[in-house]
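Structural overview
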Amino acid sequence: MKMRISLTHYLIRSERAHGTDPNLRLLIETVARAVKTISHAVGKGALWGGNEGGVLGSLGSTNVQGETQKKLDVIANEILVEANEWGGHLAGMASEEMDTPVGIPVAYPRGHYLLLFDPLDGSSNVDVNVSIGTIFSVLPAPAGMSEDDDRAFLQPGRNQVCAGYAVYGPQTVLVLTLGHGVVAFTLDRDTGSFVLTQEDIRIPADTKEFAINMSNRRHWAQPVQRYIDECLAGRTGPRGKDFNMRWIASMVAEVHRIMQRGGIFLYPWDKREPDKPGKLRLMYEANPMAMLVEQAGGMATDGRQRILNIEPTQLHQRVSVMLGSRNEVEYVTGLHR
Ligand code: AHG
Ligand code: MN
Ligand code: MN
């Protein structure tokens, strides 16, 4: 029988091969445990929590970005915070769903890492039973900085020591990088363990598939309009090939498709809210996905520069995102020059 490699086994192997810090292993295992709990809640849907009425639907509240919070946004956030505060591996946490970072309660020891997450990505898909996910990023905690201070977190994405996402689809899959390529684990629901199911994921350099919310076309900047128009022109147009289009409205699910078969995903700046550089959040969405995509041989830019080189100025800052198959991202980035 072929040996099944669990997440822990993989991380210990990585410890031996690359000297991965055991505390980072503990951190990833804790995030993975939280992800299992979220996956369970997602799977229960309307049945979750007995008479608490399930995980579907909205709360009356809005988050710091002014978005209506879904019940599952808040449930997933709480699961991640509670799972990670006592293990001693973290110095602080920041989330898309929390206005300010949370420090570690004084009762627990502090570690040397900062954890950032989008607890529930694709909120608009929760109630319609379409794939959603969790995205996370791990940064080193700067020495001597207070962890509930935003500034500790304001580091460029290239500082990340680990990034990953979980996609809650027909299967729950955890995709991870520690800076040595990208691997994927599938949740075995019978045994409750994450089993290594893909090693060394590579994104094909070329693609004929793009993902963008086309309804915003009139709001895009000229280079993005031109790029998509060229794709739509197909075989007889400047690109000389027919393109296919997908839009799931869950970044996690889009990136997972790109990890499997290539493609390009764009959420560009648009002029609906000119002061905001885009819809997606740099610290919780763009940075971790950019690290994963680069580690799989792809490319991620904001149209001008590598996402991982952006120096953040605010915890909840937004960014324009173009990522996926290298040659395609290079092409659309070139149109911005
Ligand atoms: P979130 O649910 O964390 O707010 O993120 C949703 C994001 C991203 O996952 C997705 O690609 C995009 O918003 C969908 O935007 P549209 O509503 O424009 O389709
Ligand atoms: Mn999101
Ligand atoms: Mn979210």
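Quick caveat, the model's predicted, so the values are computed rather than measured. (Residues numbered from 1 in each chain as written. Chains lettered and ligands numbered in written order. Predicted model: local features only at pLDDT ≥ 70, side-chain atom pairs only at ≥ 80, totals over all residues. Heavy atoms only, no water.)

Now for the pattern of salt bridges. Under the criterion given, the structure shown has 21 salt bridges. A salt bridge links Arg158 to Glu311; the shortest N-O distance between them is 3.2 Å. In this pair, Arg158 sits in the loop between helix H4 (150-153) and strand S7 (162-168) while Glu311 sits in the loop between strand S15 (299-301) and strand S16 (318-319), placing the two residues 153 residues apart along the sequence. Here the residues in one salt-bridge network are Glu67, Glu96, Arg281 and Glu285, joined through shared partners. (Salt bridge = Lys/Arg side-chain N within 4 Å of Asp/Glu carboxyl O. Helix = DSSP H or I, 4+ residues; strand = E, 2+ residues; numbered from the N terminus.)

Let us now look at the site of ligand 1. Near ligand 1, the surroundings consist of 17 residues, among which Asp121, Ser123, Asn213, Met251 and Tyr267 are the closest. At 3.0 Å from an oxygen atom of ligand 1 is found a side-chain nitrogen or oxygen belonging to Glu96. A distance of 3.1 Å separates an oxygen atom of ligand 1 from a polar side-chain atom of Arg281. When ligand 1 sits alone it has 480 Å² of accessible area, and the protein chains cover 86% of it. Counting residues per element, the shell around ligand 1 draws most heavily on strand S5 (residues 113-121), at three residues. Its residues placed into classes, the shell around ligand 1 shows seven nonpolar, four polar and six charged. (Near = heavy atom within 4 Å. Polar contact = N/O pair within 3.5 Å; in protein donor to acceptor, adjacent residues only side chain to side chain. Areas by Shrake-Rupley, 256 points an atom, 1.4 Å probe, with all protein chains shown as cover. Nonpolar A, V, L, I, M, F, W, Y, C, P; charged D, E, K, R; others polar.)

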